[in-house]
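Working through the structure, step by step
As a plain string of letters, each chain reads:
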Amino acid sequence: MGFVKSLRCKECGEEFPKAPVHVCEMCFGPLEVTYNYDEIKQSLSREAIEKRGNNIWRYWELLPIDNPPTIGQSVGFTPLIRAENLARALGVKEIYIKNDSVCYPTLSFKDRVVSVALSKAKEFGFDTVSCASTGNLANSVAALSTAGRLKSLIFIPYDLEQAKVVGTTVYGSTLIEVKGSYDDVNRLCNEIAGKFNWAFVNINIRPYYAEGSKSLGFEVMEQLGWRAPKHFVIPMASGSLLTKISKAIKEFETIGLVESNGTKLYGAQAAGCSPISTAVKNDWEVFKPVKNPVTIAKSLAIGNPADGFFAMDVINQSRGTAEDATDEEIVEGIKLLAMTEGIFAETAGGVTMAVATKLIKRGVIPRDESIVLAITGNGLKTQESLIGKVSDPELIEARLEEFEELYEKLSKGGKREDAIG
Ligand SMILES: *Cc1c(COP(=O)(O)O)cnc(C)c1O
Ligand SMILES: [Zn+2]
């Protein structure tokens, strides 16, 4: 089993055999997994995929493992919702939510990348895994390493949301809070990775880890009836998810599972940490790292994004663009999605929703073509961002008259807000 050909440098093209390495020996460029597409084309069909289990491994030929997966067998195949209420609110014809806020087991798309990374780490023979995380990766590495009987040490910035902290320690992982930003945490982890022989999912295992994100793109195309959307709005932290959705579309085209639909990719960031979107908007050749990110979208707060350059490149090649959203707009985005579709997304989802809204209003995304929004995390994990921004509950004594009085008041006051506003 396994169709992986090599690791190839994204800068100079030099090829290397499969190993737990992530940078090119010749030029220090990042390495990417390549596959034998001719062989995959001969053995893989829509019908074969449709008969398989509802998880990311239904696309195993295009994932970088050599043996059946040992970790995360139930991850993925989240719902793709045709969002009719949201379509009416935005005045568009065809919009879909790829709802990874309910990804198994830790309610974010990171479960996709981690199940691939940890299955690969086991193949390489590691017994300890680690990562630098903005929160969701920590949750996923903690849960899946515990289930897979691997030791884990997880590093995060010290100021994350409580649910992301408790949602890591509950599994028994060692969690280390670092006094600094994500970029400080990542720099420290690079030094630690040089000294300790662990599988760092987003450092030495990164080429394999990152491939897991393609599964989100594969699923969207299958769920649309083997068709790529015209417009795809994707949140960006390191920029990896966006580049891998682009790769997923190209791979399905290459092996003949979908026809090219000229899909345009739109990257979404928070205004308080927008190195990639700022560079795209200004048509810069390189992005400027952000020193001190300040945003409620902590899961996206990477000031020096590892795949920033490649994300800019694929956005431009697709003829899409990028945009950012202020904290206020992020909250509005979360509320819009909740009040139209009944989906409670985390702050990263608010970023995606807000950016999509802006681009549609401005006519950048046309109203009569298919649009997919990647909603990547769950709102229950970032409740802090909504305190004081949503209506308070009513409190009454357990007496019928009290309720009747309240109900009268509410009916008169017209207190129920119009969801669409
Ligand atoms: C990590 C993360 C992203 C972005 O991931 P990259 O691949 O680093 O760009 C998006 N949404 C959520 C909820 C995340 O946790
Ligand atoms: Zn190279």
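Structure's up top.
Residues numbered from 1 in each chain as written. Chains lettered and ligands numbered in written order. Predicted model: local features only at pLDDT ≥ 70, side-chain atom pairs only at ≥ 80, totals over all residues. Heavy atoms only, no water.

Things to note about the coordination of the zinc ion (ligand 2)
- Donor atoms from the polypeptide that coordinate the zinc ion (ligand 2) comprise Cys 9 (SG), Cys 12 (SG), Cys 24 (SG) and Cys 27 (SG), at 2.3 Å from the metal.
- Taken together, the 4 donor atoms surrounding the zinc ion (ligand 2) define angles of 98 to 116° at the centre, an arrangement classified as tetrahedral.
- Written as a sequence motif, the donor residues of the zinc ion (ligand 2) are C-x2-C-x11-C-x2-C. Within this pair, whereas Cys 12 is found in the loop between β1 (4-9) and β2 (15-16), its partner Cys 24 is found in the loop between β2 and β3 (31-35), the two being separated by 12 residues in sequence. (Donors = N, O, S within 2.8 Å, 3.2 Å for Na, K, Ca; no water. Tetrahedral: all angles 85-135°; square planar, octahedral: opposite > 155°, others 65-115°. Helix = DSSP H or I, 4+ residues; strand = E, 2+ residues; numbered from the N terminus.)

Focus: a nonpolar patch on the surface
- Together, Ile 396, Leu 400, Phe 403 and Tyr 407 make up a nonpolar patch on the protein surface, roughly 410 Å² of accessible area in all.
- By the element assignment, Phe 403 lies in helix α15 (residues 400-413).
- Judged by its relative accessible area of 40%, Phe 403 falls in the partly exposed class. (Patch = residues over 30% accessible without salt bridge, like charges linked within 9 Å, V, L, I, M, F, W, Y side chains within 5 Å. Areas by Shrake-Rupley, 256 points an atom, 1.4 Å probe, with all protein chains shown as cover. Salt bridge = Lys/Arg side-chain N within 4 Å of Asp/Glu carboxyl O. Buried < 20%, exposed > 50% of the residue type's maximum accessible area, 1.4 Å probe, protein only.)

Here we look at unusual backbone geometry
- Each neighbour pair has its own omega, and for Tyr 104 with Pro 105 the value is 0°, a cis peptide bond.
- Summarising the element assignment, Pro 105 is placed in the loop between β5 (95-99) and α4 (110-124).
- Of note, the phi angle at Phe 28 is positive, near 65°, even though the residue is not glycine.
- Assignment of secondary structure puts Phe 28 in the loop between β2 and β3.

With respect to the sheet that holds strand β7 (residues 151-157)
- The strand order across the open sheet built from 4 strands is β8-β7-β6-β9, with neighbouring strands paired in parallel fashion. Sheet topology places β8 (174-178) and β9 (199-200) at the edges, where each strand pairs with a single neighbour.
- Contacting β7 and β8, helix α6 (residues 162-169) crosses the sheet at an angle of about 145° to β8. (Pairing = 2+ DSSP bridges. Contact = heavy atoms within 4.5 Å. Axes fitted to C-alpha atoms, helices over the stretch in contact; angles between N-to-C directions.)

So far we have only geometry, and geometry alone does not tell us how the molecule works.
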